[in-house]
Amino acid sequence: PVVSKPKPKPKPKPTTKQKPDAAPVVRLNSIKHNRKNKQVEVVQAALKKEFRSFDYSSGPGTFGHRTKAAYAKWQKKLGYTDKNATGIPDLKSLQELGKKHGFTVRVQ
């Protein structure tokens, strides 16, 4: 009698380590009033997470009056006074928003 050996199970393919998606990069000089770009949309998404009432659906990616008002609210939350909570991102407030909501800020 011939006894056949069971076929060896195929070795599992090694899993490739996937790099986690890199954090979006936002350049400070790209986040200005009346600008339209993907970086503004990253900031808007972060502000939406911060303030659920913020609605930028009418101008995604456009830094208009709603985004400016929401950003001023963010600055006040950080302790800026009314005079300094202009709604225009400065390096410190933008970095804080980025730390909290997963994007990196670059100056240039």
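That block above? That's the structure.
It should be emphasised that the depicted structure is a prediction, and the values quoted were computed from it without experimental measurement.

Chemist: So what exactly am I meant to see when it comes to unusual backbone geometry here?
Modeler: Excluding glycine, residues mostly have negative phi values, and the peptide bonds linking residues are mostly trans. The phi angle at Asn34 is positive, at roughly 70 degrees, despite the residue not being glycine. Following the sequence through the fold, Asn34 ends up in the loop between strand S1 (25–27) and helix H1 (38–50). Of the residues examined, Asn34 reaches a relative accessible area of 61% and is grouped as exposed.

Chemist: How should the pattern of salt bridges be read in this particular structure?
Modeler: Under the definition given, this model contains 4 salt bridges. The partner of Asp82 in a salt bridge is Lys76, with the nearest N and O atoms 3.3 Å apart. Judged by relative accessible area, Lys76 falls into the partly exposed class, the value being 44%. Shared partners join several salt bridges into a network, and the residues in it are Glu50, Lys77 and Lys100.

Chemist: Mind showing me how you'd approach the side chain of His101 here?
Modeler: By secondary structure assignment, the location of His101 is in helix H3 (residues 91–101). Residues within four places of His101 in sequence aside, it is in contact with Ala46, Lys49 and Glu50.

Chemist: Whenever I open this one, helix H2 (residues 65–77) confuses me. Can you help?
Modeler: Here H2 spans 18 Å end to end across 13 residues, near enough to the 18 Å set by a 1.5 Å rise per residue. Buried residues of H2: Thr67, Ala70, Tyr71, Ala72, Trp74 and Gln75, and no others. On its buried side, H2 packs onto H1 and H3. Positive backbone phi, at 105 degrees, marks Gly79, one or two positions downstream of H2.

Chemist: In this structure, what is going on with the packing of H1 against H3? I would like to understand it.
Modeler: Between two packed helices, both the angle of their axes relative to each other and the distance between the axes serve to describe the pair. One can describe the packing of H1 onto H3 by two numbers: an axis separation of 10 Å at closest approach and a directional angle of 70 degrees. Considering their axes alone, H1 and H3 lie roughly perpendicular with respect to each other. In contact with Val43, Ala46, Leu47, Lys49 and Glu50 of H1, H3 contributes Leu94, Leu97, Lys100 and His101.

Chemist: Looking at this model, I keep getting lost on the packing of aromatic side chains. Mind explaining?
Modeler: Working definition: an aromatic ring pair is given by the centre-to-centre distance plus the angle between the planes. Scanning all chains against the criterion turns up 1 aromatic pair. Aromatic side chains Phe54 and Tyr56 sit 5.6 Å apart centroid to centroid with 25 degrees between the ring planes, which places their arrangement in the stacked category.

About the cut-offs
Here the residue numbers are simple positions, counted from 1 along each chain's written sequence. For this predicted model, a pLDDT threshold of at least 70 governs which residues receive local features, and a threshold of 80 or more governs which side-chain atom pairs are given and counted, while totals over whole chains, interfaces and linings are taken from all residues. In computing side-chain properties, one takes all heavy atoms of the structure into account and sets aside hydrogens as well as water. A run of DSSP states H or I qualifies as a helix once it reaches four residues; a run of E qualifies as a strand once it reaches two. Both are numbered from the N-terminal end. Exposure categories follow from relative accessible area, calculated using a 1.4 Å probe and restricted to protein chains: below 20% of the type maximum is buried, above 50% is exposed, and the middle band is partly exposed. What makes a salt bridge here is a side-chain nitrogen of Lys or Arg within 4 Å of a carboxyl oxygen of Asp or Glu, nothing more. The contact criterion used is simple: two residues touch if any of their non-hydrogen atoms lie within 4.5 Å. The span one expects for a helix is its residue count, reduced by one, times 1.5 Å. Between N-to-C directions, angles cover 0 to 180 degrees, with each direction set by a line fitted to C-alpha atoms, over the stretch in contact for helices. The scheme is simple: roughly parallel for angles under 35 degrees, roughly antiparallel for over 145, roughly perpendicular for 65 to 115, oblique for anything else. Between 30 and 60 degrees the pair is tilted, below 30 it is stacked and above 60 it is edge-to-face, where a pair is any two Phe, Tyr or Trp rings, Trp via its six-membered ring, whose centres lie within 6.5 Å.

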